[in-house]
Amino acid sequence: MRRLAFLAGLAGLVALWAFAARESLPAILPGPIAVAKALGTILSERTFWTETLLPSLGRAAAGLALAFAVGAPLGLLGWRWPAVSAFFAPLRLILMGMPAPILAILCILWFDGGTVTVILTVAALLLPVFQLATAEGMSAIDRQLAEMARVFRVPAARRLHRIVLPAVWTALGPALRIALANALRVTLLTELLSGAEGLGSAVQSAQSWLQTDRLFALVLIILALIGLAEAGLTSLLRERKRS
């Protein structure tokens, strides 16, 4: 029933889009058919996959991995020693409160505006997410259960698998879902502002040349990427809960 309602809503949006496009200029609002043709053209271009899509996905993945590699240990240290969490609190508040475009512009000014800039921008914005999620997950561990496991000398690997990781995953899983989508968004934003080759620069180029149908097609690709990433992670979260 929910799937039918979703499809009905999607069909309604497409119908509204088609109606609005008929009353507008193609350079302002192209119709669904024109955008579908542009989408087919883009997907048939080999350079789109090698020089546009893959660089963007690589930067997003690298920034996400760097944020986790730094944020998770900081969260663990902050949970173990609250003074560490308090020490990094000002930096965390700055990163969480700073709008993404401003941080992207600062990173462009400080670095070369290329791949390193994009990766660092993504990592800086997502680092607090993993820090807080890890600390929250560690705090969710059942202390009585952990103490019982210690008293009965349950092996450390089994305690990690059965007690620690499930508790951490309750907070880290949803945080990862948010971070995954935001990694793609911040990557595109930084590429758009810096001119680095990727989806962001492709959007900027289409806008500059008034290729509105191509612009809309690129937006659909971006939305599809974010939707697929969230759907895949949601499925993983469900499987984790079942197990």
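The structure this text deals with has already been given above.
On a predicted model such as this, the values are computed, not experimentally measured, just so you know. (Residues numbered from 1 in each chain as written. Predicted model: local features only at pLDDT ≥ 70, side-chain atom pairs only at ≥ 80, totals over all residues. Heavy atoms only, no water.)

*Asks:* Just checking my understanding: could you explain the packing of aromatic side chains for this structure?
*Replies:* Aromatic rings in a pair are described by how distant their centres are and how their planes are angled relative to each other. A complete count under the given rule lists 4 aromatic pairs for this structure. On the basis of an interplanar angle of 25° and a centroid distance of 6.0 Å, the ring pair of tryptophan 17 and phenylalanine 216 is categorised as stacked. Pair noted here: tryptophan 17 is in helix 1 (residues 2-22) and phenylalanine 216 is in helix 10 (residues 212-242), with a separation of 199 residues, a long-range link. Ring centres of phenylalanine 87 and phenylalanine 88 lie 5.1 Å apart, and the angle between their planes is 90°; this geometry places the pair in the edge-to-face category. (Phe/Tyr/Trp six-rings, centres within 6.5 Å; stacked < 30°, edge-to-face > 60°. Helix = DSSP H or I, 4+ residues; strand = E, 2+ residues; numbered from the N terminus.)

*Asks:* Teacher, can you tell me more about the environment of arginine 143 here?
*Replies:* Tracing the sequence through the fold places arginine 143 in helix 7 (residues 143-151). According to the relative accessible area criterion, arginine 143 is exposed, its value standing at 74%. Considered as a pair, arginine 143 and alanine 8 are 135 residues apart in the sequence and their alpha carbons are 48 Å apart. (Buried < 20%, exposed > 50% of the residue type's maximum accessible area, 1.4 Å probe, protein only.)

*Asks:* Looking at this structure, I do not really get the pattern of salt bridges. What am I missing?
*Replies:* Pairs may arise between side chains of opposite charge once their charged atoms sit close together. Counted according to the given criterion, the structure contains 2 salt bridges. One salt bridge connects glutamate 45 with arginine 214, and the closest N-O pair in it is separated by 3.0 Å. Placement of the pair is glutamate 45 in the loop between helix 2 (32-43) and helix 3 (46-80) and arginine 214 in helix 10, with a sequence separation of 169 residues. Here glutamate 191 ties to arginine 59 by a salt bridge, and the two come within 2.6 Å at their closest N and O atoms. One end of the pair, glutamate 191, is in helix 8 (residues 156-194); the other, arginine 59, is in helix 3, and 132 residues separate them in sequence. Classification of glutamate 191 as buried rests on a relative accessible area of 0%. Since its relative accessible area comes to 8%, arginine 59 is described here as buried. (Salt bridge = Lys/Arg side-chain N within 4 Å of Asp/Glu carboxyl O.)

*Asks:* Which parts of the structure should I look at to understand unusual backbone geometry?
*Replies:* With the exception of glycine, the majority of residues adopt a negative phi angle, and the majority of peptide bonds are in the trans configuration. In this model, leucine 210 sits at a positive phi of 55°, which is unusual for a non-glycine residue. Here leucine 210 lies in the loop between helix 9 (199-208) and helix 10. Given the relative accessible area of 61%, leucine 210 is considered exposed.

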